[in-house]
Amino acid sequence: MVPEKPASALAEDWRSSVRGLLNIYRVPAFWRLAPLSACVIGTAFAVHGLWAARWLTDVNGFAEGSVTYLLLVMGGGLTIGAIVIGFAADRLRHNGVPPMVTFGMACAVFIGLQVALLGRLPLPAWLIWGVIGGFGGMTVLSYSIMGELFPPEKIGRANGALNVLHLSMAFILQYGMGVAASSWPAEPSGHLPFAAYRAAFALPLLLELLALAWFVVSITQRRRAGAIILAGLQPEVSG
């Protein structure tokens, strides 16, 4: 239904695409956001794609039907989360809260949810897992921030470079969590003990905390540098 738009340039080969991604990775502004985005969204994907079902089966002792239902809840949370996060970020922007700040606060909430999960707080399973699934929709905020860091002709490539990190981190975390969990022998029932899952889920949590610290330091330094430049541009006021 959408009319075709004639291509304005020839399609690139894979070598040009790789060079374009590498050029994005050389931009310092990209790395203010990318580590935290990759860790948070990679964790959400890794948990939703593999480890949620294992946790629900081994730790909570849910039957297959209940696990399937909760995975469906997480899928619904992912869809709704993208809408809610995008709407909230837009409203906060209109009230003077930059998207970078909104992103950092949302990531802190996601980290808090994982702490609550590891602490086994008495929250309904559908609630905590549905909200955890919803944070997979943080991509809408990450991509919109990339649109502010790069010129229009670079936005698509910047988002592609970020998505490569999201999916790569999801794979690394799925594998790393498996290595951590396998350090504990299975119980006679065939299930892994809670200690194995606590170690497995502590891995992405540690990476997210480190990435959040880097995020806060990098944007704080950026703001200070901007304030110094702005102060230097101000005319002196004579007495």
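As the structure is a computational prediction, the values presented were derived from the model and not from experiment. (Residues numbered from 1 in each chain as written. Predicted model: local features only at pLDDT ≥ 70, side-chain atom pairs only at ≥ 80, totals over all residues. Heavy atoms only, no water.)

Draft legend 1. The arrangement of the overall build of the protein chain in detail. For the protein chain, the helix and strand inventory stands at eight helices and zero strands. Overall, the protein chain shows an N-to-C arrangement of helices and strands of α-α-α-α-α-α-α-α. Expressed as a percentage of contacts within the protein chain between residues at least 6 apart in sequence, the contacts between residues at least 24 apart total 79%. (Helix = DSSP H or I, 4+ residues; strand = E, 2+ residues; numbered from the N terminus. Contact = heavy atoms within 4.5 Å.)

Draft legend 2. Molecular detail of the packing of helix 3 (residues 64–94) against helix 6 (residues 139–149). Relative orientation of the contacting elements helix 3 and helix 6 amounts to 40 degrees, with a least axis distance of 9 Å. With respect to each other, helix 3 and helix 6 are oriented oblique. Contact residues: helix 3 offers Ala-82, Ile-85, Gly-86, Ala-89 and Arg-93, while helix 6 offers Val-140, Leu-141 and Glu-148. A class-by-class count of the residues in the contact of helix 3 with helix 6 yields five nonpolar, one polar and two charged. (Axes fitted to C-alpha atoms, helices over the stretch in contact; angles between N-to-C directions. Parallel < 35°, antiparallel > 145°, perpendicular 65-115°, else oblique. Nonpolar A, V, L, I, M, F, W, Y, C, P; charged D, E, K, R; others polar.)

Draft legend 3. Region of the structure containing the nonpolar core. Trp-55, Phe-103, Trp-129 and Phe-201 are the most contacted members of the largest nonpolar core, which totals 59 residues. Elements with a minimum of two residues in this core: helix 2 (30–58), helix 3, helix 4 (99–118), helix 5 (125–134), helix 6, helix 7 (152–181) and helix 8 (194–233). No other element matches the 15 residues that helix 2 contributes to this core. When sequence neighbours within four positions are dropped, the list of residues in contact with Trp-129 reads Val-47, Ala-52, Trp-55, Leu-56, Asn-60, Met-74 and Leu-117. (Core = buried A, V, L, I, M, F, W, Y, C linked by side-chain atoms within 4.5 Å. Buried < 20%, exposed > 50% of the residue type's maximum accessible area, 1.4 Å probe, protein only.)

Draft legend 4. Quick peek at unusual backbone geometry. Despite not being glycine, Arg-120 has its phi angle at roughly 55 degrees, a positive value. Position of Arg-120 among the secondary structure elements: in the loop between helix 4 and helix 5. Judged by relative accessible area, Arg-120 falls into the partly exposed class, the value being 45%.

Draft legend 5. How the structure looks around the pattern of salt bridges. Here the structure, examined in full by the defined rule, presents one salt bridge. Between Arg-93 and Glu-148 there is a salt bridge, with its nearest N and O atoms 2.6 Å apart. Taken as a pair, Arg-93 in helix 3 and Glu-148 in helix 6 lie far apart in primary sequence, 55 residues in all. According to the relative accessible area criterion, Arg-93 is partly exposed, its value standing at 39%. With relative accessibility at 45%, the residue Glu-148 sits in the partly exposed group. (Salt bridge = Lys/Arg side-chain N within 4 Å of Asp/Glu carboxyl O.)

Draft legend 6. Seen up close, the packing of aromatic side chains. The full count for this structure, using the stated rule, is ten aromatic pairs. Between the aromatic rings of Tyr-25 and Trp-31, the centroid separation amounts to 5.9 Å while the plane-to-plane angle is 35 degrees, which identifies the pairing as tilted. Trp-31 sits in the partly exposed class, given a relative accessible area of 32%. With centroids separated by 6.1 Å and ring planes inclined at 75 degrees, the aromatic side chains of Trp-55 and Tyr-197 adopt a geometry described as edge-to-face. Residue Trp-55 is found in helix 2, and its partner Tyr-197 is found in helix 8; the two are separated by 142 residues along the sequence. Classification of Tyr-197 as buried rests on a relative accessible area of 0%. An aromatic cluster is built from Trp-51, Trp-55, Trp-129, Phe-194, Tyr-197 and Phe-201, whose rings are joined through pairwise contacts. Over the face of the ring belonging to Phe-194 we find Arg-120, whose NZ or CZ atom lies 4.8 Å from the ring centre. (Phe/Tyr/Trp six-rings, centres within 6.5 Å; stacked < 30°, edge-to-face > 60°. Lys NZ or Arg CZ within 6 Å of the ring centre and 35° of its normal.)

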